[in-house]
Amino acid sequence: KGYKKSARVVGDCLAKYHPHGDTSVYDAMVRLAQPYNMRMTLVDGQGNFGSVDGDPPAAMRYTEVKMQSLALELVRDIEKDTVRWAPNFDDSLKEPEILPSRYPNLLVNGATGIAVGLATNIPTHNLGEVIDGAVAYMRNPKIKLDEMMKIIPGPDFPTGGYIISNGEIRKAYETGKGKILIRAKIHIESEGDKKTVVINELPYGVNKAKLLAKIDELCETKKDAFAGIASINDESDRTGMRAVIKLKKDAPLQKILDNLFKYTDLQVSFGINTVVIADGKPQQLGLLDIFKYYVEYQRSVIVKRTRYDLDKAKERAHILEGLIVAVTNIDEVIRIIKNAPDTPSARSGLREAFSLSEKQANAILDLRLARITKLEVNNLKKELADLKELIKEYEAILADKKKQFAVVETEMLQIKKKFRDERRSRIVESSEEIDVNSKAEETKSNETYFVGVNVKGRVRKLSPAQYKRIIDDEEPIERDIFVSVVKAAGDQTVLGRKSTRLN
């Protein structure tokens, strides 16, 4: 759908559900659109929604929003009596007490906050890993934590970086409480005798502008520790983050790095405190307990949805049976209706003649003449046969707990297939495992791209993302004919297979 002005969405929320300030509503919505705060964004924002440098978002009158497709999975099947509804603040509307949440958003996007003296701080996780973990729990509710951690090794933050566990991740997943370290991802570039520290990924929640300002300030206040720093520049652009700290000739690299991690937010701690509402009360739960509650809740959603669908299918089948009776005896039906003095009399006459219910009789009275052709009769019979098969399937699901879990598993794996992405945070047990002398130079010299030649003989160089967008697009784009794939790696050139797409 199209974008809606943020002020309109905030106004609707205030008027219908949230009798508080507009700032709190807008700030919450903005956060849902920020890719550096949410592991999987739930709002698609158009306009200025802030940045990792701490820039504030534009006012709500300037920005526009719509829901991300993943957000629809949170509310999918909500119209099928799957959740409890309660009156809103002025009893004019009903609002859901909880969402169907067809994937474990509590773990994927985490949660943080304080309410009535209780705090929670749940880190973000990888969507694919979390769904695989839920599926593994459904298949084996007695799964051990160590086996689960092979599937979900730890949190996965939207800003990437290194997670230094020191055994705390396992402790947090077991007890619900732990403390991990998050370190920025950096590498070292050399220019002759001088070295440069390049920051590519920051710890979760760190403001880049404030971080660089802090390092600049430390160069003045702690000259002994940071005397080797020559300059600090932010070279970030639309391609990614790149904050550069240039060192003086013969500066002690390791000492400067140790001091940066010690005195700045290049390394921060994250206190995991998994407090959630379970059985109607706040509880501190481990990972396996969260999955226990979640998969059981999902099973109840499937049961309620199937019961709703079954009732609708039976209702439709009942109507179809009446319509088929009417169409196969159409002459008699027309005679009864034609001779009846009014509609109630016609309804009564149909019910007596063919032993119909009131709903069936009403459906016959509403029947259009175009529906009494032979083709339409066959269509009605086919629809009824399909509905009876569907009713059998629904009844089988309601009668078998294993089938209910199978439906949950199938639908969750479909969400994973559609929305999963690669892990961003790298987990290490101790800081000694982190190698800052990464292959930065090799990364710079190697580039994968596609070469396109159009009908006029012009050559274009495209990134893999651009190429995929063009190939996936249904509309002809510039009548390009992609003839080869070139991977530049030093002096080597490798030709790929020809594309079969000709516009």
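Residues numbered from 1 in each chain as written. Predicted model: local features only at pLDDT ≥ 70, side-chain atom pairs only at ≥ 80, totals over all residues. Heavy atoms only, no water.

Asker: Which residues make up the overall build of the chain, and what values do they have?
Answerer: Each helix and strand counted, the chain has 18 helices and 21 strands in total. Relative to the globule expectation of 23 Å for 503 residues, the C-alpha radius of gyration of the chain, 31 Å, shows a markedly less compact shape. Projected onto the principal axes, the alpha-carbon positions of the chain cover approximately 105 × 70 × 50 Å. Every one of the 503 residues in the chain was classed for burial, and the buried ones make up 40%. Residue pairs at least 24 apart in sequence account for 63% of intrachain contacts in the chain once pairs closer than 6 positions are excluded. Here the chain contributes 82 positive and 74 negative side-chain charges, whose respective centroids are spaced 2 Å apart. (Helix = DSSP H or I, 4+ residues; strand = E, 2+ residues; numbered from the N terminus. Rg over C-alpha atoms; globule rule 2.2 N^0.38 Å. Buried < 20%, exposed > 50% of the residue type's maximum accessible area, 1.4 Å probe, protein only. Contact = heavy atoms within 4.5 Å. Lys, Arg positive; Asp, Glu negative; His and termini not counted. Charge placed at Lys NZ, Arg CZ, Asp CG, Glu CD.)

Asker: A description of the nonpolar core should follow, citing residues and the corresponding values.
Answerer: If you look at the biggest cluster of nonpolar residues, it comprises 76 residues, and the most contacted ones within it are Tyr103 and Phe291. Here the element with the most residues in this core is helix H5 (residues 127-139); it accounts for 8 residues. Aside from chain neighbours lying at most four places away, what touches Phe291 is Leu107, Val130, Gly133, Ala134, Tyr137, Met148 and Ile152. Counting 23 residues, the second-largest nonpolar core is a separate cluster that includes Leu310, Ala317, Val333 and Ile336. (Core = buried A, V, L, I, M, F, W, Y, C linked by side-chain atoms within 4.5 Å.)

Asker: Quick one: what's the story with the sheet that holds strand S1 (residues 4-5), residue by residue and with numbers?
Answerer: Spatial strand order, S1-S3-S2: 3 strands in an open sheet with antiparallel pairing. Because the sheet does not close on itself, it has two edges, and the strands there are S1 and strand S2 (43-46). With 2 bridges joining them, S1 and strand S3 (residues 64-67) adopt antiparallel strand pairing. Counterpart to Lys5 in the pairing with S3 is Glu64. (Pairing = 2+ DSSP bridges.)

Asker: Tell me about the packing of aromatic side chains, residues and numbers included.
Answerer: Going through the model one piece at a time under the given rule, you end up with 4 aromatic pairs. Taken together, a centroid distance of 5.1 Å and an interplanar angle of 25 degrees make the contact between Phe157 and Tyr204 stacked. Taken as a pair, Phe157 in the loop between helix H6 (145-151) and strand S8 (162-164) and Tyr204 in the loop between strand S11 (194-201) and helix H8 (208-221) lie far apart in primary sequence, 47 residues in all. Summarising the burial analysis for this pair, Phe157 and Tyr204 share the class buried. Centre to centre, the rings of Phe226 and Tyr263 are 6.2 Å apart; their planes meet at 70 degrees, and the pair counts as edge-to-face. Here the residue Phe226 occupies a position in helix H9 (residues 223-226), and Tyr263 occupies one in helix H10 (residues 253-263), the gap between them amounting to 37 residues. What makes Tyr263 partly exposed here is its relative accessible area of 30%. Three or more aromatic residues joined by ring pairs make a cluster, and in this case those are Phe157, Tyr204 and Phe270. (Phe/Tyr/Trp six-rings, centres within 6.5 Å; stacked < 30°, edge-to-face > 60°.)

Asker: Describe in detail the pattern of salt bridges, supporting the description with residues and values.
Answerer: This model, assessed by the stated rule, comprises 28 salt bridges. Between Glu411 and Arg76 there is a salt bridge, with its nearest N and O atoms 2.8 Å apart. With Glu411 in helix H16 (residues 401-419) and Arg76 in the loop between helix H3 (69-75) and strand S4 (85-87), this pair connects stretches of sequence that are 335 residues apart. Between Arg102 and Asp77 there is a salt bridge; the shortest N-O distance is 2.9 Å. Here Asp77 lies in the loop between H3 and S4 and Arg102 lies in the loop between strand S5 (94-96) and helix H4 (105-108), a separation of 25 residues in the sequence. An identical accessibility class is assigned to Arg102 and Asp77; each is buried. (Salt bridge = Lys/Arg side-chain N within 4 Å of Asp/Glu carboxyl O.)

Asker: Outline the sheet that holds S11, listing residues and values.
Answerer: The 4 strands are arranged S10-S11-S13-S12 in an open sheet whose pairing can be described as antiparallel. The open sheet has two free edges, formed respectively by strand S10 (185-191) and strand S12 (229-234), since each of these has just one partner strand. Across this sheet, the average inter-strand angle for adjacent strands is 20 degrees, counted without regard to direction. Sheet analysis places S12 next to strand S13 (residues 243-247), joined by 5 bridges and oriented antiparallel. The residue of S13 that forms the bridge with Ile229 is Leu247. Sheet strands in contact with H8 are S12 and S13, and its direction is about 165 degrees off that of S12. (Axes fitted to C-alpha atoms, helices over the stretch in contact; angles between N-to-C directions.)

Asker: Go over the pairing of S10, please, and point to the residues and values.
Answerer: With 7 bridges connecting them, S10 and S11 associate as antiparallel partners. The partner of Ile188 across the bridge, within S11, is Val197.

Asker: Let's hear about the environment of Ile277: which residues, and what values?
Answerer: Position of Ile277 relative to the elements: it lies in strand S15 (residues 275-278). Residues Ile277 and Asn454 lie 177 residues apart in sequence; the distance between their C-alpha atoms is 59 Å.

Asker: Any chance you could break down the packing of helix H12 (residues 330-339) against helix H13 (residues 343-354) for me, citing the residues and the numbers?
Answerer: At a closest axis distance of 8 Å, the pairing of H12 and H13 adopts a crossing angle of 145 degrees. Note that H12 runs across H13; the crossing there is right-handed. Here Glu332, Val333, Ile336 and Ile337 of H12 come into contact with H13, specifically with Ala346, Gly349, Leu350, Ala353 and Phe354. (Left-handed = near helix turned anticlockwise from the far one by under 90°.)

Asker: If you had to explain the side chain of Gln298 to someone new, which residues and values would you point to?
Answerer: Within the secondary structure, Gln298 is located in helix H11 (residues 287-328). For Gln298, the contacting residues outside a window of four places in its chain are Pro100, Ser101, Arg102 and Val408.

Asker: So, unusual backbone geometry: which residues are in play, and what are the values?
Answerer: Its identity as a non-glycine residue notwithstanding, Asp77 has a phi of 70 degrees, on the positive side. With phi around 60 degrees, Asp250 is a residue other than glycine that occupies positive phi space. Residue position: Asp250 is located in the loop between S13 and H10. Given the relative accessible area of 66%, Asp250 is considered exposed.

Asker: Go over the environment of Gly128, please, and point to the residues and values.
Answerer: Position of Gly128 relative to the elements: it lies in helix H5. Sequence separation between Gly128 and Lys416 is 288 residues, and the spatial gap between their C-alpha atoms is 5.4 Å.

Asker: Provide a residue-level description of the packing of H11 against helix H14 (residues 358-365), including the pertinent values.
Answerer: One can describe the packing of H11 onto H14 by two numbers: an axis separation of 9 Å at closest approach and a directional angle of 55 degrees. Judged on the interaxial angle alone, H14 and H11 are oblique. For the pair H11 and H14, the sense of crossing is right-handed. On H14, the residues touching Glu315, His318, Ile319, Glu321, Gly322, Leu323 and Ala326 of H11 are Lys359, Gln360, Ala363 and Ile364. Within the contact of H11 with H14, the residues separate by chemical class into 5 nonpolar, 3 polar and 3 charged. (Parallel < 35°, antiparallel > 145°, perpendicular 65-115°, else oblique. Nonpolar A, V, L, I, M, F, W, Y, C, P; charged D, E, K, R; others polar.)

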